[in-house]
Amino acid sequence: MAHKLYISIHVLVTCLLLSSQAFACSTAAWLGGSSGDVTVNDPANGVPSVSGSCGFKVFGSGYVQDNSPDTEDEFIGRFYFFPQFSGTGNTDIFVAYSNEASTELFSVSYDGSQITIDATAAGGGTASVAISGTKWHLIEFSWVSGATGGLWIDADATLDSASATFDSGSGAVEAVRLGAPSGLDGLSGEAFFDDYVSVSYT
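Remember, predicted model here, so these are calculated numbers, not experimental data.

**Topic: the overall build of the protein chain**
When its secondary structure is counted, the protein chain shows one helix and twelve strands. Mapped in sequence order, the helices and strands of the protein chain form the string α-β-β-β-β-β-β-β-β-β-β-β-β. In the protein chain, which comprises 202 residues, the share counted as buried stands at 49%. When contacts within the protein chain are restricted to residue pairs at least 6 apart in sequence, long-range pairs at least 24 apart make up 69% of them. For the protein chain, the accessible surface area stands at approximately 8000 Å², while carbon and sulfur atoms represent 48% of it.

**Overview of the nonpolar core**
With 38 residues, the main nonpolar core has Phe79, Phe94 and Phe106 as its most contacted residues. If near-sequence neighbours (up to four positions away) are discounted, Phe106 is found in contact with Phe75, Phe94, Val95, Ala96, Ile117, Asp118, Ala119, Phe141, Trp143 and Val173.

**Description of the pattern of salt bridges**
All told, the structure shown has two salt bridges when counted by the stated rule. One salt bridge connects Lys57 with Glu190, and the closest N-O pair in it is separated by 3.5 Å. In this pair, Lys57 sits in strand S2 (residues 56-66) while Glu190 sits in strand S12 (residues 187-201), placing the two residues 133 residues apart along the sequence. By relative accessible area, which is 21% here, Lys57 ends up partly exposed. A relative accessible area of 23% means that Glu190 is categorised as partly exposed. Between Arg78 and Asp195 there is a salt bridge; the shortest N-O distance is 2.9 Å.

**Focus: the environment of Ala180**
Relative to the helices and strands, Ala180 is located in strand S11 (residues 175-180). Ala180 sits 142 residues away from Val38 along the chain, and the two C-alpha atoms are 8.7 Å apart.

**Observations concerning the confidence of the model for the protein chain**
On average, residues of the protein chain carry a pLDDT of 84, and 81% of them reach 70 or more. Across the protein chain, the secondary-structure element scoring lowest on mean pLDDT is helix H1 (residues 2-12), at 32, and the one scoring highest is strand S10 (residues 164-167), at 98. Low pLDDT (under 50) marks residues 1-24, which in the prediction has 52 contacts with non-local residues, meaning those over four places away or in another chain.

**Some words on unusual backbone geometry**
Phi angles above zero are rare outside glycine, and Thr71 is one such case at about 45°. With respect to the helices and strands, Thr71 occurs in the loop between S2 and strand S3 (74-87). Look at Thr71 and you get partly exposed, because its relative accessible area is 38%.

**Re the pairing of strand S5 (residues 104-110)**
In terms of burial, S5 is largely enclosed, as six of its seven residues are buried. Where strand S4 (residues 91-97) folds back on S5, the antiparallel hairpin that results is connected by six residues, among which Ala101 adopts a positive phi of roughly 75°. Where S5 folds back on strand S6 (residues 114-118), the antiparallel hairpin that results is connected by three residues, among which Gly112 adopts a positive phi of roughly 100°.

**A word on the environment of Pro181**
Looking at where Pro181 falls in the secondary structure, it is placed in the loop between S11 and S12. Using a relative accessible area of 13% as the deciding quantity, one classes Pro181 as buried. Sequence separation between Pro181 and Thr91 is 90 residues; the distance between their C-alpha atoms is 8.5 Å. Excluding residues that lie within four positions of it along the chain, Pro181 makes contacts with Ser61, Gly62, Tyr63, Asp92, Val95 and Tyr97.

**Considering the environment of Pro69**
Here Pro69 is to be found in the loop between S2 and S3. Residue Pro69 is classed as buried on the basis of its relative accessible area, which comes to 3%. Considering only alpha carbons, one finds Pro69 and Ser98, 29 residues apart in sequence, at a separation of 9.6 Å. For Pro69, the residues in contact, after removing those within four places along its chain, are Phe75, Val173, Glu174 and Ala175.

**Brief notes about the packing of aromatic side chains**
Counted by the stated rule, this structure contains 15 aromatic pairs. Summarising the aromatic geometry, the rings of Phe94 and Phe141 are spaced 4.9 Å apart at their centres and angled 55° between planes, so their arrangement reads as tilted. Here Phe94 is found in strand S4, whereas its partner Phe141 is found in strand S8 (residues 137-144), with 47 residues between them in sequence. The buried category is assigned to Phe94, whose relative accessible area is 0%. Plain terms: the ring middles of Phe106 and Trp143 are 5.2 Å apart, the flat faces sit at 15° to each other, and that makes the pair stacked.

Thresholds, definitions, all that
- Residues numbered from 1 in each chain as written.
- Predicted model: local features only at pLDDT ≥ 70, side-chain atom pairs only at ≥ 80, totals over all residues.
- Heavy atoms only, no water.
- Helix = DSSP H or I, 4+ residues; strand = E, 2+ residues; numbered from the N terminus.
- Buried < 20%, exposed > 50% of the residue type's maximum accessible area, 1.4 Å probe, protein only.
- Contact = heavy atoms within 4.5 Å.
- Areas by Shrake-Rupley, 256 points an atom, 1.4 Å probe, with all protein chains shown as cover.
- Core = buried A, V, L, I, M, F, W, Y, C linked by side-chain atoms within 4.5 Å.
- Salt bridge = Lys/Arg side-chain N within 4 Å of Asp/Glu carboxyl O.
- pLDDT = per-residue confidence, 0-100.
- Pairing = 2+ DSSP bridges.
- Phe/Tyr/Trp six-rings, centres within 6.5 Å; stacked < 30°, edge-to-face > 60°.

Structural data, given as structure tokens:
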């Protein structure tokens, strides 16, 4: 129940951190910058945006980074993901770190057929949910140090039970990356991201 309450708060409060970063037609809005094969997605050239004027896409090893979390032991995130990949592989699409991007706490990955959240680096567990179709998928998660986390795929976290739950392990979030921070790892093509929102608690 607590997880659903926090998600509803982050949707309703207008001043929340990062709520507009995926909308601006520039990756410069991200507090940790961007790196590698990442560029703004212009809806006029293909995939329509979920909200706002545009999001961004990755077409190799690339990501945007946010360094604003400050030793947060509860982190809630939401973003839209549109994969256009072929091949066989497993790529991280979101990674949270216990410092500015050198020590991983947990990740969200895509292998062509399912989304997996993996907190084994924090001493926790994993959870996976199948997805299909070349379309926008809504991904939401709640990671809570020392407690059970939740993963929602194409579901409303304010209304629906978690699609899967997992042991979060323990630690504190200091930075996050969204995109393909570890490369495409066997997959080829590109993926689009939009409407990223996060909330964290110390």
